[in-house]
Amino acid sequence: AQSVSQHNHHVILSEAASLELGCNYSYGGTVNLFWYVQYPGQHLQLLLKYFSGDPLVKGIKGFEAEFIKSKFSFNLRKPSVQWSDTAEYFCAVRGNDMRFGAGTRLTVKP
Amino acid sequence: GAGVSQTPSNKVTEKGKYVELRCDPISGHTALYWYRQSLGQGPEFLIYFQGTGAADDSGLPNDRFFAVRPEGSVSTLKIQRTERGDSAVYLCASSLQGGWSGANVLTFGAGSRLTVL
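Residues numbered from 1 in each chain as written. Chains lettered and ligands numbered in written order. Predicted model: local features only at pLDDT ≥ 70, side-chain atom pairs only at ≥ 80, totals over all residues. Heavy atoms only, no water.

**Focus: the packing of aromatic side chains**
Right, so step 1: Taken as a whole, this structure holds 13 aromatic pairs over all chains when the rule is applied.
Right, so step 2: Pairing Y25 of chain A with F72 of chain A gives two aromatic rings, centres 5.5 Å apart and planes at 75°, and the pair type is edge-to-face. Placement of Y25 of chain A in strand β4 (residues 24-26) and of F72 of chain A in the loop between β8 (64-68) and β9 (73-78) is noted, with a sequence separation of 47 residues between them.
Right, so step 3: The class for Y25 of chain A is buried, based on a relative accessible area of 7%.
Right, so step 4: Of the aromatic side chains, those joined through ring pairs into one cluster are F34, Y36, F51 and F100 of chain A together with Y35, F45 and F108 of chain B. (Phe/Tyr/Trp six-rings, centres within 6.5 Å; stacked < 30°, edge-to-face > 60°. Helix = DSSP H or I, 4+ residues; strand = E, 2+ residues; numbered from the N terminus. Buried < 20%, exposed > 50% of the residue type's maximum accessible area, 1.4 Å probe, protein only.)

So, in structure tokens, the structure goes:
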């Protein structure tokens, strides 16, 4: 089965800073890739997904992620974060089942 | 319904007791998934149903955990002889189609927080 690593446990940024959250996975077969977000007090919501085609995918609220197959990575990016992006972000990989990383807590200071 | 509904939102029980957690998926979604999220961790897969049958129960940690979906809609996760280590948020998700391939997107509920004293 696949495994998912999110190396950043807690990231603190000021508003307007650029964001990149790392996600690496291990799996030898075809994968589908996801980023979910959990805002304080809310449930998990889909931010973006990759199934096939263009490896650069755009999601809601200005987020994007790039699938680099050779690096087994699917990093999440946003050019300029806002205070409202404060949340926990989970990378998920679907191979022969769907597994999540441990999550990265993002705190954006106003 | 409009979203995935889970009840109760919070459950506090004593060690050794039996607990049931309920999930009502999005109307028309054939697949239903249970995950468990412990503090500081990501969701951990438990079981998924395609219709009434458990298509993959490889994530259930032991035989104290059981889930049913008798009519292919609402599901109940049952935990017998609860232990303190069972304390977690139990998440339910549903998708239009089932399986671990294809264009399936899981939509999650708010979860049921279980605390075992």
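**Observations regarding unusual backbone geometry**
Right, so step 1: With an omega dihedral of -10°, the bond running from T7 of chain B to P8 of chain B counts as a cis peptide bond.
Right, so step 2: As for its placement among the helices and strands, P8 of chain B is situated in the loop between β1 (5-7) and β2 (10-13).

**Quick word on the pairing of strand β10 (residues 87-94) of chain A**
Residue and element names in this part refer to chain A.
Right, so step 1: Of all eight residues in β10, seven are buried; the element is thus mostly enclosed.
Right, so step 2: Where strand β5 (residues 32-38) and β10 come together, seven bridges link them in antiparallel fashion. Paired with V37 across the strands is Y89, a residue of β10.
Right, so step 3: As defined by bridge partners, β10 adjoins strand β12 (residues 104-109) across three bridges and the pair is classed as antiparallel. (Pairing = 2+ DSSP bridges.)

**Observations regarding the state of the cysteines**
All names here are of chain B.
Right, so step 1: As enumerated under the stated definition, the model contains two disulfides over all chains in all.
Right, so step 2: Sulfur-sulfur distance for the disulfide between C23 and C92 comes to 1.9 Å. Disulfide C23-C92: torsion about the S-S bond near -70°, hence left-handed. Taken together, the residues span a long stretch of sequence, with C23 in strand β3 (residues 19-24) and C92 in strand β9 (residues 88-95) at a distance of 69 residues. Summarising the burial analysis for this pair, C23 and C92 share the class buried. (Disulfide = S-S within 2.5 Å.)

**Quick word on the pattern of salt bridges**
Pairing of side chains with opposite charge becomes possible as their charged atoms draw close.
Right, so step 1: One pass over the full model with this rule turns up eight salt bridges over all chains.
Right, so step 2: The partner of K78 of chain A in a salt bridge is D85 of chain A, and the shortest N-O contact between them spans 2.9 Å. Each member of the pair, K78 of chain A as well as D85 of chain A, is classed as buried.
Right, so step 3: One salt bridge connects D86 of chain B with R64 of chain B, and the closest N-O pair in it is separated by 2.8 Å. One end of the pair, D86 of chain B, is in the loop between β8 (75-79) and β9; the other, R64 of chain B, is in the loop between β6 (53-56) and β7 (65-68), with 22 residues separating them in the sequence. (Salt bridge = Lys/Arg side-chain N within 4 Å of Asp/Glu carboxyl O.)

**A word on the interface of chain A and chain B**
Right, so step 1: Each partner contributes to the interface: chain A provides 18 residues, whereas chain B provides 19 residues.
Right, so step 2: Where chain A meets chain B, there are zero salt bridges.
Right, so step 3: Our enumeration of links across chain A and chain B arrives at three residue pairs in polar contact (both at pLDDT 80 or more).
Right, so step 4: Those elements that place two or more of their residues in the side of chain A that touches chain B are β5, β6 (45-50), β10 and β11 (98-100) of chain A.
Right, so step 5: Take the side of chain A that touches chain B: its biggest share by element is four residues, from β5 of chain A.
Right, so step 6: Taken together, the residues of the side of chain A that touches chain B break down into nine nonpolar, six polar and three charged. (Contact = heavy atoms within 4.5 Å. Polar contact = N/O pair within 3.5 Å; in protein donor to acceptor, adjacent residues only side chain to side chain. Nonpolar A, V, L, I, M, F, W, Y, C, P; charged D, E, K, R; others polar.)

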